Structure formats: C-alpha cells, structure tokens
Amino acid sequence: MSEKEFTSYRFNDQTDPTDEQLAELMRRAAQDAREKGRLANEKFFDELHKACEEARHRSL
C-alpha cells in the first residue's frame, strides 16, 4: 500500500478495507502504540530518577 493510498483511506459504512489495507493500518497502529509506550516508559523512569535524586538531596 502506497503512502498516498494509506493516508487517503477513510473508514465508512459503505466499504470495508481490503486485507492489505487492514493489515497496513493495524501494523502502523501497533508501531505507533509501541513507540508511545516506549516514550511513556522513558518519561516515567526519567521522572522516577529525578524524584529519587531530589529525595536523596533532601535527606542529606
């Protein structure tokens, strides 16, 4: 599926996506979810590290 075909496809109640379109949509959705999860995990541990450092400085 070309980029143009992918970005121009819209779900509607008249037609179903082809198997190729659906597979590409699902692949990209999964890729996006993995990336968002990775970024959220990275942010969480950055914030946790920052909070630990602040607590360590307060206890000194």
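Right above here is the structure, for reference.
By convention here, each chain's residues receive numbers from 1 onward along its written sequence. Residues qualify for local features only when their pLDDT is at least 70, as the model is predicted, and side-chain atom pairs are given and counted only at 80 or more; totals for whole chains, interfaces and linings, by contrast, use all residues. Note: side-chain values were computed over all heavy atoms of the structure, leaving out hydrogens and water.

Caption draft 1: Local environment of the overall build of the protein. Of regular secondary structure, the protein possesses 2 helices and 0 strands. As a reference, a globule follows 2.2 Å times the number of residues to the power 0.38, and the radius of gyration itself is taken over C-alpha atoms. For the protein, whose C-alpha radius of gyration is 21 Å, the value lies well above the compact-globule estimate of 10 Å for 60 residues. Here the C-alpha coordinates of the protein stretch approximately 65 × 20 × 15 Å along the principal axes. The buried share among the 60 residues of the protein stands at 10%. Counting every atom, the protein has about 5,500 Å² of accessible surface; 55% of that belongs to carbon and sulfur. A residue counts as positive if it is Lys or Arg and as negative if it is Asp or Glu; His and the chain ends are not included. Throughout, a charge is located at the NZ atom of Lys, the CZ atom of Arg, the CG atom of Asp or the CD atom of Glu. Once the 11 positive and 14 negative side-chain charges of the protein are each reduced to a mean point, those two points are 7 Å apart. A run of H or I in DSSP counts as a helix once it spans at least four residues, and a run of E counts as a strand once it spans at least two, with each numbered from the N terminus. Between buried and exposed lies partly exposed: a residue is buried under 20% and exposed over 50% of the maximum accessible area for its type, with that area taken using a 1.4 Å probe on protein chains only. Every accessible area reported is derived by Shrake-Rupley at a probe size of 1.4 Å, with residue values counting cover from the shown protein chains alone.

Caption draft 2: Region of the structure containing the environment of Leu 25. Among the structural elements, Leu 25 can be located in helix 2 (residues 19-59). Residue class for Leu 25 comes out buried when judged on its relative accessible area of 17%. Considered as a pair, Leu 25 and Glu 47 are 22 residues apart in the sequence and their alpha carbons are 33 Å apart. If near-sequence neighbours (up to four positions away) are discounted, Leu 25 is found in contact with Phe 6, Tyr 9 and Phe 11. Only heavy atoms enter the contact rule, under which two residues are in contact if any of them lie within 4.5 Å.

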